[in-house]
Amino acid sequence: MNDAAPRWTFFIAHAKADLEPAEALYELLAPHALTFLDSRCIEFGDDWDQLLAQAQRDARISVILVSSRSGSAYYQREEIAEAIALARTDDRAHRVVPVYLDGEAAQAKSLYGLRLKHGLQLGDDLDIDGVAKALLGMVERLGHPPLPGARPPPLPHLPWWRRRSTWAASGGVVALAAGLAVWQGMPPSVPDADQGPQPPNAPTVTAAGAECLVTDALTPNVLPHYLMNSFGSDNFPYWLRINIENGCPSRKGLSVRFENSGSVTLTSAPQVKPFYIDPGENFGKTFTPDFSFGGTPPDRITIKWSLEDDVEHKLVEGEINTEIVPPKTVAWDLRKPARGGAQGEKVEDAFLLGSLKAWILKPPPEILKLGRGCRRAPGQTMQLEREDAIRNCYEQLFRGEHSIPVSPSPMINFPASDRQSIRAPKSFIEHLGSSPSSLEAALLFVATFNAAHKAGIDPDLVLVIGPAPSGPANSKTAYIAWQLPASPWRALNMQAASENDFAANADTASTQVAQLLEAEAPTRKAAGEHGAAFSADRRMAVVDFANVPTRYQIHGLP
């Protein structure tokens with residue numbers, strides 16, 4: 001550390017794959033403290049390796065964004081080692097604060113020399129905004145008020161392997177801009193200028209000062225009700241995305257304001273914190289307003305938004321005007337945004353398959369009661385585990401005195417239609433006379449078993465859609481499969497749940513599923529890595545319920 005006053009309050013170290021959360025944190029810290037982030041603070045012609053090292057030495061705090069990608073991030077590992085070394089020399093002059101972006105990173109914290117450093121964990125109770133507040137609050141408590149003022153211009157002149165432009169071109173741009181839902185046959189959110197009058201979603205310039213700003217706003221036309229909580233995945237990251245090119249001669253300070261409209265009530269501050277765009281910069285930012293419903297979720301959501309400058313002059317305004325597909329419907333025809341009247345590409349099939357996870361999350365009280373009840377055999381007080389619990393839950397759900405019948409008819413196709421109705425598990429508990437399909441029965445069974453799941457003890461259940469053992473050609477059925485340590489795959493055919501007891505069903509279905517998984521090893525591997533996958537010939541589909549949220553951040557039904 002130099003003897004002179006530190007030039008930076010924060011130095012953000014991150015893996016190249018974690019550039020998006022790094023920039024989100026930078027946007028929150030930079031207005032209040034001098035913050036160094038490579039993608040925003042390296043000038044044209046700089047020797048980037050020397051500048052990075054010097055900036056870290058000149059900073060009060062190294063903020064280390066640790067994720068499951070950090071282990072293979074060579075440059076970040078170097079920055080972590082340097083941070084630890086600086087702190088050991090004088091921990092009063094340089095502090096190290098790890099921020100764990102995912103659970104896997106938190107479990108592996110000792111790998112990075114951070115074991116003894118108290119850090120922050122992103123999760124349900126702490127978002128990136130909370131991380132920024134905690135960091136700024138820490139600086140104040142230590143008696144070092146944040147260094148306000150000059151925010152260095154974002155000139156991303158970096159080696160190719162760390163440039164934002166390269167990251168976007170290699171797939172990150174798809175993750176950021178491809179998430180808005182546009183259905184087949186419906187007009188795109190932002191039409192070509194030659195198509196005549198623009199729809200209500202199109203932004204309009206309302207005040208002077210925006211002439212030198214090129215602004216493009218994208219909002220979803222349609223969104224399935226069951227994915228309304230799943231903002232954060234590659235396919236559905238936001239309600240509003242604004243792309244801005246600053247053609248003005250000066251730096252622009254901008255913010256977005258949301259207003260209540262229709263049946264929606266905002267649950268957080270209506271104005272987003274300011275962001276800054278330098279002359280010539282192309283800037284993209286996504287926004288997800290927090291809101292609640294006044295009662296029953298409507299079939300359409302309208303939220304007004306406006307882009308304002310730093311003196312609160314309204315430059316651009318528009319509406320998010322989105323159709324909500326009914327709660328019990330899986331939408332297989334979701335499309336990405338497109339311009340010029342063309343249809344957008346279909347949303348990733350594996351994501352839509354994985355979105356079935358939403359049906360088994362946030363179980364209602366009826367499911368929780370069933371899940372706890374089926375963990376005990378009649379007359380027993382000890383909770384059942386592993387396959388004993390699977391057996392008992394199966395027998396109580398589908399073979400007991402008040403069992404739920406399952407339709408013996410196989411699925412003819414999967415997915416069955418562009419918008420396929422699949423009832424949530426609660427509906428079968430409320431109406432025991434109804435007959436679920438094998439897919440619905442599988443989702444009901446997983447929801448019940450997982451309601452009292454013991455991590456590290458009970459196996460994780462996997463949904464396998466495969467050829468039905470009987471019925472018309474090309475018909476499908478749903479299996480639930482699991483695997484205990486050092487044991488072969490076990491499975492249940494949910495189409496036969498009402499006809500066969502556990503032992504008979506498992507004996508037959510386990511052989512069938514083992515053959516399927518062996519024949520389609522790449523599909524099983526892809527599902528293990530990404531949470532869900534279709535086979536190349538669509539003969540089989542697999543959902544690994546334990547891995548789906550990790551990849552796609554799919555949350556429960558709202």
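Quick caveat: nothing in here was measured; it's all calculated off a predicted structure.

This part takes up the nonpolar core. Counting 90 residues, the largest nonpolar core has F398, F414, L439, F445 and L463 as its most contacted members. Counting residues per element, this core draws most heavily on helix α12 (residues 438-450), at nine residues. In this view, F414 contacts W332, L353, L356, L439, I465, K476, F534 and A541; residues no more than four positions away in its chain are not counted. Core analysis: the next-biggest nonpolar cluster, separate from the first, contains 43 residues, I12, L25, V97 and V131 among them.

One turn of the α-helix equals 3.6 residues, which is why residues spaced by three or four share an orientation. Of all the residues in helix α3 (residues 48-57), the buried ones are W48, L52, A55 and Q56. One side of α3 carries all its buried residues, which in axial view fall inside an arc of 95°.

With that out of the way, let us pick up the confidence of the model for the protein. The predicted model of the protein has a mean per-residue pLDDT of 76, with 78% of residues at 70 or higher. Looking at the elements of the protein, mean pLDDT is at its lowest for helix α7 (residues 164-177), recorded as 30, and at its highest for strand β21 (residues 489-493), recorded as 93.

Before going further, it helps to spend a moment on the packing of aromatic side chains. Scanning the model with the defined rule gives 13 aromatic pairs in all. With a centroid separation of 5.2 Å and an interplanar angle of 75°, the aromatic rings of W8 and F36 are classed as edge-to-face. With W8 in strand β1 (residues 8-13) and F36 in strand β2 (residues 35-36), this pair connects stretches of sequence that are 28 residues apart. Here the two residues W8 and F36 agree in accessibility, since each one is buried. Residues W332 and F414 carry aromatic rings whose centres are separated by 5.5 Å and whose planes lie at 75° to one another, so their mutual orientation is edge-to-face. Of this pair, W332 sits in the loop between β17 (329-331) and α8 (349-354) while F414 sits in the loop between α10 (386-398) and β18 (419-421), and the two are 82 residues apart along the sequence.

Attention now goes to the environment of S475. Along the chain, S475 turns up in the loop between β19 (462-467) and β20 (476-483). Here S475 falls in the buried class, since its relative accessible area comes to 3%. Residues S475 and N413, 62 residues apart in the sequence, show an inter-C-alpha distance of 5.9 Å. Among all residues touching S475, those that are not within four sequence positions of it are P410, M411, I412, G466, P467, A468 and S470. Here the side chain of S475 touches P472 through a polar contact of 2.7 Å, landing on its backbone oxygen.

It is worth spelling out the pattern of salt bridges at this point. One pass over the full model with this rule turns up 15 salt bridges. When the shortest N-O distance is used, the salt bridge between E308 and R257 registers 3.1 Å. Highlighted residues: E308 in strand β15 (residues 300-309) and R257 in strand β10 (residues 252-259), separated in sequence by 51 residues. Neither E308 nor R257 differs from the other in exposure class; each is buried.

In this section: the sheet that holds strand β23 (residues 541-544). Here we have five strands laid out as an open sheet, ordered β21-β20-β19-β23-β22, and antiparallel in their pairing. Across the chains shown, the open sheet's two edge strands, defined by having one partner strand only, are β21 and β22 (532-534). Neighbour-to-neighbour, the strand axes of the sheet open up by a mean angle of 20°, direction not taken into account. Along the sheet, helix α13 (residues 502-519) contacts β19, β20, β21 and β23; its crossing angle with β21, the most-contacted strand, is approximately 115°.

Another point: the packing of helix α1 (residues 19-29) against helix α6 (residues 128-141). Orientation of α1 relative to α6, taken along the N-to-C sense of each, is 50°, at an axis distance of 9 Å. Judged by the angle between their axes, α1 and α6 are oblique. For α1 against α6, the interelement crossing comes out right-handed. Contact with α1, carried on its side by P21, A24, L25, L28 and L29, involves I128, D129, V131, A132, L135 and L136 of α6 and no other residues of that element. Tallied by class, the residues present in the contact of α1 with α6 amount to 10 nonpolar, no polar and one charged.

All told, the structure shown has two disulfides when counted by the stated rule. Paired through a disulfide, C212 and C248 show a sulfur-sulfur distance of 1.8 Å. Measuring handedness by torsion sign, the sulfur bridge of C212 and C248 sits at about 85° and is right-handed. With C212 in the loop between β6 (204-205) and β7 (213-218) and C248 in the loop between β9 (240-246) and β10, the pair connects residues that are 36 residues apart, well separated along the chain. The exposure class of C248 is buried, given its relative accessible area of 4%. Here C374 pairs with C393 through a disulfide, and the sulfurs are 1.9 Å apart. One quick way to see it: the torsion about the S-S bond of C374 and C393 is about 65°, and its sign makes the bridge right-handed. On the criterion of sequence distance, the pair formed by C374 in the loop between α9 (365-373) and α10 and C393 in helix α10 is long-range, its members being 19 residues apart. Taken as a pair, C374 and C393 share a single burial class, namely buried. Listing the disulfide partners of the protein by sequence rank of the bonded cysteines yields 1-2, 3-4.

On to the sheet that holds strand β3 (residues 59-66). Pairing in this open sheet of five strands is parallel, and the strands run β2-β1-β3-β4-β5 from one edge to the other. Each edge of the open sheet is held by one strand with a lone partner, namely β2 and β5 (120-121). Two elements, β3 and strand β4 (residues 95-100), share six bridges in a ladder whose sense is parallel. Following the sheet pairing, S62 is matched in β4 by V96.

The next thing to look at is the side chain of N493. On the secondary structure map, N493 appears in strand β21. A polar side-chain atom of N493 sits 2.9 Å from the main-chain amide nitrogen of Q495. Among all residues touching N493, those that are not within four sequence positions of it are P469, T477, A478, Y479, N505 and A509.

With 14 residues, α6 extends 20 Å between its outermost C-alpha atoms, agreeing within 8% with the 20 Å of an ideal straight helix rising 1.5 Å per residue. In this structure, the buried side of α6 is in contact with β1, α1, β3, β4 and β5.

Of the pairings in the sheet, the one linking strand β8 (residues 222-224) to strand β16 (residues 314-325) comprises three bridges and is parallel in character. Note that in β16 the partner of P224 across the bridge is V325. In this structure, β15 lies alongside β16, joined through nine bridges in antiparallel fashion. Considered in β16, the bridge of W305 is made with G318.

Rules of the game
Residues numbered from 1 in each chain as written. Predicted model: local features only at pLDDT ≥ 70, side-chain atom pairs only at ≥ 80, totals over all residues. Heavy atoms only, no water. Core = buried A, V, L, I, M, F, W, Y, C linked by side-chain atoms within 4.5 Å. Buried < 20%, exposed > 50% of the residue type's maximum accessible area, 1.4 Å probe, protein only. Helix = DSSP H or I, 4+ residues; strand = E, 2+ residues; numbered from the N terminus. Contact = heavy atoms within 4.5 Å. Arc of directions from axis to C-beta. pLDDT = per-residue confidence, 0-100. Phe/Tyr/Trp six-rings, centres within 6.5 Å; stacked < 30°, edge-to-face > 60°. Polar contact = N/O pair within 3.5 Å; in protein donor to acceptor, adjacent residues only side chain to side chain. Salt bridge = Lys/Arg side-chain N within 4 Å of Asp/Glu carboxyl O. Pairing = 2+ DSSP bridges. Axes fitted to C-alpha atoms, helices over the stretch in contact; angles between N-to-C directions. Parallel < 35°, antiparallel > 145°, perpendicular 65-115°, else oblique. Left-handed = near helix turned anticlockwise from the far one by under 90°. Nonpolar A, V, L, I, M, F, W, Y, C, P; charged D, E, K, R; others polar. Disulfide = S-S within 2.5 Å. Expected span 1.5 Å × (residues − 1).

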